[in-house]
Amino acid sequence: MTDNASNSFVCVQDQVFVSSETCYLRRVDPNTLDTKEKVDLNKLMSVNFASSHPMTDSTGTTYNLGCSFLSGPKYNIVRIPPSKDSNLSGTWDSLSTWACKR
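Residues numbered from 1 in each chain as written. Predicted model: local features only at pLDDT ≥ 70, side-chain atom pairs only at ≥ 80, totals over all residues. Heavy atoms only, no water.

Student: How would you sum up the pattern of salt bridges? Please name residues and give values.
Tutor: One pass over the full model with this rule turns up 1 salt bridge. Of the charged contacts, one joins arginine 27 and glutamate 37 as a salt bridge, the two residues approaching to 2.8 Å between their closest N and O atoms. Within this pair, whereas arginine 27 is found in strand 3 (residues 24–28), its partner glutamate 37 is found in strand 4 (residues 35–40), the two being separated by 10 residues in sequence. (Salt bridge = Lys/Arg side-chain N within 4 Å of Asp/Glu carboxyl O. Helix = DSSP H or I, 4+ residues; strand = E, 2+ residues; numbered from the N terminus.)

See the structure below:
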């Protein structure tokens with residue numbers, strides 16, 4: 001797997017990330033375009049690959065589709081709730097995922 005994230009820019013809560021079809025998101029400073037920390041969805045919720053095009057609804061909740069293979073092939077719907085404040089503290093702790101066996 002690569003950590004190159006050149007497919008799309010994604011706004012999650014009040015932060016900007018770049019993503020690709022891997023399990024990695026990389027935070028980007030929108031003013032300087034400097035890259036910041038890398039978020040590994042595999043470590044957070046056992047998602048091996050995720051779509052690089054998540055959807056955000058009118059409430060600010062972001063949804064994405066992922067898949068996992070290690071415990072048997074599953075599709076995962078990832079839900080990231082909207083931000084309650086202006087930093088990422090607790091963001092990744094509040095993720096939820098639903099697995100669908102194929």
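Student: Requested: an account of the state of the cysteines, with residues and values cited.
Tutor: Tallied over the entire structure, the rule returns 0 disulfides. Unpaired in terms of disulfides, cysteine 23 finds its nearest cysteine sulfur in cysteine 67, a separation of 10.0 Å. For cysteine 23, a relative accessible area of 1% puts it in the buried group. (Disulfide = S-S within 2.5 Å. Buried < 20%, exposed > 50% of the residue type's maximum accessible area, 1.4 Å probe, protein only.)

Student: Could you give an account of the sheet that holds strand 1 (residues 8–12), naming the residues involved and the relevant values?
Tutor: Within the open sheet, the 4 strands sit side by side as 1-2-3-4. Their pairing is antiparallel. The open sheet has two free edges, formed respectively by strand 1 and strand 4, since each of these has just one partner strand. This sheet shows a mean twist of 35 degrees between the axes of neighbouring strands, independent of strand direction. Bridge count for strand 2 (residues 15–19) against strand 3 is 4 bridges, and the pairing is antiparallel. Bridging from a neighbouring strand, valine 18 pairs with arginine 26 of strand 3. (Pairing = 2+ DSSP bridges. Axes fitted to C-alpha atoms, helices over the stretch in contact; angles between N-to-C directions.)

Student: Give me the lowdown on the pairing of strand 3, citing residues and values where you can.
Tutor: Strand 3 sits mainly inside the fold: 4 of its 5 residues count as buried. Taken together, strand 2 and the strand that follows it, strand 3, pair antiparallel across an intervening segment of 4 residues. For strand 3 and strand 4, the ladder comprises 4 bridges, and the chain directions are antiparallel. Directly across from arginine 26, in strand 4, lies its bridge partner lysine 38. Linking two consecutive strands that pair antiparallel, namely strand 3 and strand 4, is a turn of 6 residues; a positive phi of about 65 degrees is found at leucine 33 within it.

Student: Explain the pairing of strand 8 (residues 74–80) to me, and be specific about the residues and the numbers.
Tutor: Only one face of strand 8 is buried, namely the one carrying Lys74, Asn76, Val78 and Ile80, since none of Tyr75, Ile77 and Arg79 on the opposite face is buried. Sheet analysis places strand 7 (residues 62–68) next to strand 8, joined by 7 bridges and oriented antiparallel. Looking across to strand 8, one finds that threonine 62 is bridged to isoleucine 80. The hairpin turn running from strand 7 into strand 8, its antiparallel successor, is 5 residues long, and glycine 72 in that turn takes a positive phi close to 105 degrees.

Student: Now, about the packing of aromatic side chains: what can you tell me, with residues and values included?
Tutor: All told, the structure shown has 1 aromatic pair when counted by the stated rule. Seen from their ring centres, phenylalanine 49 and phenylalanine 69 are 5.9 Å apart, and the 70 degrees between their planes marks the pair as edge-to-face. Of this pair, phenylalanine 49 sits in strand 5 (residues 49–50) while phenylalanine 69 sits in the loop between strand 7 and strand 8; the two residues are 20 residues apart in sequence, bridging distant segments of the chain. For phenylalanine 49, a relative accessible area of 32% gives the class partly exposed. Its relative accessible area of 45% is what places phenylalanine 69 among the partly exposed residues. A cation sits over an aromatic face here: lysine 38 above tyrosine 24, 4.3 Å from the ring centre. (Phe/Tyr/Trp six-rings, centres within 6.5 Å; stacked < 30°, edge-to-face > 60°. Lys NZ or Arg CZ within 6 Å of the ring centre and 35° of its normal.)

The analysis is restricted to geometry; functional conclusions fall outside its scope.
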